[in-house]
Amino acid sequence: MNDPRGDPRPIGVFDSGIGGLTVAASIRELLPAEDIVYLGDLLHLPYGSKSSSAVLEFTRAAVHFLVGEGVKLLVIACNTATSIAMRKIEGEVDVPLIGVVRPGAHAACGVTENRRIGVIGTARTVESGAYETAIREIAPDASVLQKSTPLLVPFIEEGWIGHPALAMVLDEYLHCFEGADIDTLVLGCTHYPLIREDISERLRSLYGRDDREVKIVDSARTTAESTKALLAAKGLLNRNFSTPRARAGTYRIHLTDYTDSFRDIGELIVGRSNFDPRVVSLNYDSGRVSYT
Ligand code: DGL
């Protein structure tokens, strides 16, 4: 594109809920000039316990909706949708797709010293083996221990962050890493960065050693970095920051269902002034998405 202001089209970000706003917020931090169009499929949340065919159908509708919104690149900020559906859908649209699994795998391989990596995620993500595959592609000698942790999303959505009941659930889940000598744990779900402190506290209490701490990685930052690199490589960055009429990028947040119970967490992630969701209803039928 020859326009010195670059490409003004927005970046699409999709998640099954509002946890993917953690990825949107990281993109905003790294690329403050970009507009972001977000879709959270709260109507079908959680994807993590649905069948693979349902996850594929919901993800397809979401991707086609965001492409219809004129995005120049689409981030699938949902580990479950990335693991189950991304490869099957990418040939259907003409904008580049970025998922969260490969960036998360890169982050883990970048920090592990002993190449023993733990992964926690939803049932579908763990079952798909997507993280294990991605990590082994980067570090073939890595050993990967996965654990599905399905109760964590409901705890987070309930706002039970820092809650003693969450500590008990984490202890139960994290026990499987005992004796495995992992030095890195991947948060393979877009909600989990919100309980990073709880996880790190329980890991310290269960396996704490003076000489070493388990490093915790998530894909938000590395996905934002991949987004920036891909936009730059394709000449699609929005350069309006370098023009006299520079302005900060905006958020347009769409949700397929909404109750006020999501407000606190949404505002916590993107800030009160940016969290102004609009409810849309998606229908995917024979390759066409309609919405109201
Ligand atoms: N966004 C999902 C993920 O990252 C977690 C919530 C869900 O199960 O839909 O896997």
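Quick caveat, the model's predicted, so the values are computed rather than measured.

Conventions we followed
- Residues numbered from 1 in each chain as written.
- Predicted model: local features only at pLDDT ≥ 70, side-chain atom pairs only at ≥ 80, totals over all residues.
- Heavy atoms only, no water.
- 1 Å grid on protein atoms, 1.4 Å probe; cavity = no way out; pocket = protein on both sides within 12 Å on 5 of 7 lines; lining within 4 Å.
- Points joined across faces, edges and corners; volume = space filled by probe spheres on them.
- Helix = DSSP H or I, 4+ residues; strand = E, 2+ residues; numbered from the N terminus.
- Nonpolar A, V, L, I, M, F, W, Y, C, P; charged D, E, K, R; others polar.
- Near = heavy atom within 4 Å.
- Polar contact = N/O pair within 3.5 Å; in protein donor to acceptor, adjacent residues only side chain to side chain.
- Areas by Shrake-Rupley, 256 points an atom, 1.4 Å probe, with all protein chains shown as cover.
- Sits in = over half its atoms within 2 Å of the grid points.
- Axes fitted to C-alpha atoms, helices over the stretch in contact; angles between N-to-C directions.
- Parallel < 35°, antiparallel > 145°, perpendicular 65-115°, else oblique.
- Left-handed = near helix turned anticlockwise from the far one by under 90°.
- Contact = heavy atoms within 4.5 Å.
- Buried < 20%, exposed > 50% of the residue type's maximum accessible area, 1.4 Å probe, protein only.
- Pairing = 2+ DSSP bridges.
- Right-handed = clockwise from strand over helix to strand, strands pointing away.

S.K.: Would you take a moment to explain the layout of surface pockets for this structure?
M.R.: Empty space among the atoms becomes apparent when a probe as large as a water molecule is rolled across them. In this structure, the largest pocket encloses a volume near 350 Å³. Of all elements in the fold, only α3 (79–89), β4 (97–99), α4 (101–111) and α6 (130–138) reach the threshold of two or more residues within the lining of the largest pocket. For the lining of the largest pocket, the leading source of residues is α3, giving five residues. Taken together, the residues that form the lining of the largest pocket break down as eight nonpolar, six polar and three charged. Here the second largest pocket is characterised by a volume of approximately 160 Å³. If you go around the second largest pocket, you meet 10 residues; those closest to its centre are S200, L203, R204, E213 and V214. When residues in the lining of the second largest pocket are grouped by element, the largest group, four residues, is from helix α9 (residues 196–207). For the lining of the second largest pocket, a count of residues per class yields four nonpolar, two polar and four charged.

S.K.: Sorry, what's going on with the site of the ligand here?
M.R.: Every one of the 14 residues lining the ligand counts as a neighbour, but D15, S16, Y47, G48 and T80 are closest to it. At a separation of 3.0 Å, an oxygen atom of the ligand approaches a polar backbone atom of N79. Here the ligand loses 99% of its free accessible area of 290 Å² to cover by the protein chains. With respect to the pocket detection grid, the ligand is positioned in the largest cavity. Looking at the shell around the ligand residue by residue, the classes come out as six nonpolar, seven polar and one charged.

S.K.: Whenever I open this one, the packing of helix α2 (residues 52–68) against α3 confuses me. Can you help?
M.R.: When two helices pack together, their arrangement is given by the angle between their axes and by how far apart the axes lie. The N-to-C vectors of α2 and α3 enclose an angle of 70°; their axes lie 9 Å apart at closest approach. The angle between α2 and α3 places the two elements in the roughly perpendicular class. Regarding α2 and α3, the two cross each other, and that crossing is right-handed. Only T80, A81, I84, A85, K88 and I89 of α3 make contact with α2, whose side of the interface consists of S52, V55, L56, T59, R60 and V63. Classifying every residue of the contact of α2 with α3 gives seven nonpolar, three polar and two charged.

S.K.: In this structure, what is going on with the pairing of strand β1 (residues 11–15)? I would like to understand it.
M.R.: Remark: a regular strand shows side chains that alternate across the two faces of the sheet. Counting buried positions along β1 yields five of five residues, so the element is predominantly enclosed. Alternating positions in β1 separate into two faces, I11, V13 and D15 on one and G12 and F14 on the other, with burial throughout. Looking at chain direction, β1 and strand β2 (residues 36–40) are connected through five bridges and run parallel. Note on β2: the bridge partner recorded for D15 is G40. Read from β1 through helix α1 (residues 21–30) to β2, the crossover connection turns out right-handed. In this structure, β1 lies alongside strand β3 (residues 73–76), joined through four bridges in parallel fashion. Its bridge partner being in β3, G12 is matched across the sheet by L74.

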